[in-house]
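# Commentary on secondary and tertiary structure
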Amino acid sequence: MAMEFPVIAKLLEGRFPEAVKGAVTDKGDPWIEAAADSVPEVLEFLKEEEGLKFDLLLMVTGVDRPDAEGGGSIEVVYHLLSTTEGHELVLKAVLPRENPVCPSAVPIYPAALWHERETFDLLGVEFTGHPDLRRILCPEDWVGHPLRKDYEYPEEYGGISAK
Amino acid sequence: MGPQNLPVQPAAPGVLLTTLDEALDWARRGSIWPMTFGLACCAIEMMCAGAPHFDLDRYGAGAFRPSPRQADLMIVAGTVTFKMAPVIKRLYEQVPDPKWVIAMGACACRGGPYYRHGYHVVKGVDRIVPVDVYLPGCPPRPEALLDAVMALQAKMDRMKTFSAGKPGPAGEPAGAGKEKEA
Ligand code: SF4
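Each value, and the rule that gives it
- Residues numbered from 1 in each chain as written.
- Chains lettered and ligands numbered in written order.
- Predicted model: local features only at pLDDT ≥ 70, side-chain atom pairs only at ≥ 80, totals over all residues.
- Heavy atoms only, no water.
- Helix = DSSP H or I, 4+ residues; strand = E, 2+ residues; numbered from the N terminus.
- Buried < 20%, exposed > 50% of the residue type's maximum accessible area, 1.4 Å probe, protein only.
- Contact = heavy atoms within 4.5 Å.
- Areas by Shrake-Rupley, 256 points an atom, 1.4 Å probe, with all protein chains shown as cover.
- Buried area = accessible area lost by both parts, 1.4 Å probe.
- Salt bridge = Lys/Arg side-chain N within 4 Å of Asp/Glu carboxyl O.
- Polar contact = N/O pair within 3.5 Å; in protein donor to acceptor, adjacent residues only side chain to side chain.
- Nonpolar A, V, L, I, M, F, W, Y, C, P; charged D, E, K, R; others polar.
- Patch = residues over 30% accessible without salt bridge, like charges linked within 9 Å, V, L, I, M, F, W, Y side chains within 5 Å.
- Phe/Tyr/Trp six-rings, centres within 6.5 Å; stacked < 30°, edge-to-face > 60°.
- Near = heavy atom within 4 Å.
- Pairing = 2+ DSSP bridges.
- Axes fitted to C-alpha atoms, helices over the stretch in contact; angles between N-to-C directions.

### Quick notes on the overall build of chain B
A count of helical and extended segments in chain B gives five helices and three strands. Secondary structure elements in chain B, listed N-terminal to C-terminal, are α-α-β-α-β-α-β-α. Here chain B, with 182 residues, has 43% of them falling under the buried criterion. Across chain B, contacts joining residues at least 24 apart in sequence account for 71% of those joining residues at least 6 apart. Surface summary for chain B: the accessible area is close to 9100 Å², and the carbon and sulfur share equals 60%.

Have a look at this one:
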């Protein structure tokens, strides 16, 4: 049976009092923020726990927030769906912009493989434990991470002017 | 293109007289073999142009080949990214001469919607391969592609391979359409 967001949030907060930092419900889709280190545990719990059974990772994306307090942050966003229970959840890990490192979700959801490569490629998030962390959209020798807000456009690539 | 389009001199019944140049250009423009490849949304229009409703084959240009070595026309239908650029250049080089390129759509002409903010887009395929016909539009309709093919055929008609270098008819410089080989 589908669970409402507040119920899921309560469950998570009860189970991970340290790691789960609270739910945000007043901005569009509600989400839960979790400490980056705890992401694999939280995902594992969400996937396996009776009644939650988030068996499908819809996507992993990222957001660059250079103006966030403490020198800016990069958020990694996980969208989960339970095909058996019929509920959805958005989970976020907020990383420091200077050194965005996050444990990989691939061991739990193999679907994260390409999504994390994309988040690495475009935002520069380092996923520790990822089996194959290479660029996926940009050429392998591309410089910089294009979805960073302060990304500087290349003058040329491979001898072709980019202007 | 039926034989009635072949520029001929009246001769005895059952005899056609023409020049080798005319015959060669006529044959070329009537059997264009485009390469099967599409890069983005424009490719959908290209496929549509090849399908029965628009029937690119009516113009002798519908034999899409799955290999560059069998093709002589490259329709660059879509967005050329920097990652794709070396591949396109290699494909172009694999096409045997004489060969032609249609830059289909705003992207292939000048980067299109990505002109200003597309860090990853080559601002026109003519930065990597020579282009014969530019076809603007986002995307151009199949009729527009037919028009581009006809523009290319007009260009082919002026090749005059054997008399190149001598003044051509109608004030056209002979060998026009070969400038890219220079
Ligand atoms: S010109 Fe428009 S339709 Fe064609 S590939 Fe570019 S964006 Fe797509």
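### A closer look at the interface of chain A and chain B
Counting from both sides, the interface comprises 15 residues of chain A and, opposite them, twelve residues of chain B. Summed over both partners, the interface of chain A with chain B buries about 1100 Å², with 66% contributed by carbon and sulfur atoms. Where chain A touches chain B, the interface holds zero salt bridges. In this assembly, chain A and chain B are joined by five residue pairs in polar contact (both at pLDDT 80 or more). Looking at side-chain class alone, the side of chain A that touches chain B contains 13 nonpolar, one polar and one charged residues.

### Here's the deal with a nonpolar patch on the surface
A contiguous nonpolar patch, built from L56, L58 and M59 of chain A and spanning about 210 Å² of accessible area, is present on the exposed surface. Looking at the element boundaries, L56 of chain A is found in strand 3 (residues 56-65).

### Some thoughts on the packing of aromatic side chains
By the definition in use, this model includes eight aromatic pairs over all chains. Between the aromatic rings of W142 of chain A and F82 of chain B, the centroid separation amounts to 6.1 Å while the plane-to-plane angle is 40°, which identifies the pairing as tilted. In this pair, W142 of chain A sits in the loop between strand 7 (126-128) and strand 8 (156-157) while F82 of chain B sits in the loop between strand 1 (73-77) and helix 3 (85-94), so the two residues belong to two different chains. W142 of chain A gets classed as buried once you look at its relative accessible area, which sits at 7%. Since its relative accessible area comes to 2%, F82 of chain B is described here as buried.

### What to know about the pattern of salt bridges
All names here are of chain A. Under the definition given, this model contains 16 salt bridges over all chains. Put simply, E50 and K53 hold a salt bridge, and the shortest N to O gap is 3.9 Å. Taking relative accessible area as the criterion, K53 reaches 25% and is therefore assigned partly exposed. Overlapping salt bridges bring together R117, D132, R134 and E140 as one network.

### Considerations on the site of the ligand
Residues and elements named next belong to chain B. Near the ligand you find A40, C41, C42, G78, T79, G105, A106, C107, P113, G137, C138 and P139, and these make up its full shell. Counting residues per element, the shell around the ligand draws most heavily on helix 4 (residues 105-110), which supplies three residues. Residue composition of the shell around the ligand, by class: eight nonpolar, four polar and no charged.

### A word on the sheet that holds strand 1 of chain B
Residues and elements named next belong to chain B. In spatial order, the strands read 1-2-3; together these three strands make up an open sheet with parallel pairing. Of all strands in the sheet, those with a lone pairing partner are strand 1 and strand 3 (133-135), marking the two edges. For this sheet the average axis-to-axis angle between neighbouring strands, irrespective of direction, equals 15°.

### A few points about the pairing of strand 5 (residues 88-96) of chain A
All names here are of chain A. Pairing of strand 2 (residues 31-34) with strand 5, which is carried by three bridges, proceeds in the parallel orientation. Bridge pairing in strand 5 places I32 opposite L91. In this sheet, strand 5 lies alongside strand 4 (residues 73-81) in antiparallel orientation, the contact comprising nine bridges. The partner of H79 across the bridge, within strand 5, is V90. As consecutive antiparallel partners, strand 4 and strand 5 are separated by six residues, and within that stretch G86 has a phi angle of approximately 85°, a positive value.

### A look at unusual backbone geometry
Here the amide bond leading from D97 of chain B into P98 of chain B is cis, since omega sits at -10°, within 30 degrees of zero. The topology assignment puts P98 of chain B in the loop between helix 3 and strand 2 (100-104). The omega angle of the peptide bond from C138 of chain B to P139 of chain B is -10°, so this bond is cis rather than trans. Looking at where P139 of chain B falls in the secondary structure, it is placed in the loop between strand 3 and helix 5 (142-156). Of note in the backbone geometry, K53 of chain A takes a positive phi value of approximately 45° without being a glycine. In this structure, K53 of chain A sits in the loop between helix 2 (39-48) and strand 3.

Read these as layout, nothing more, since geometry by itself doesn't imply function.
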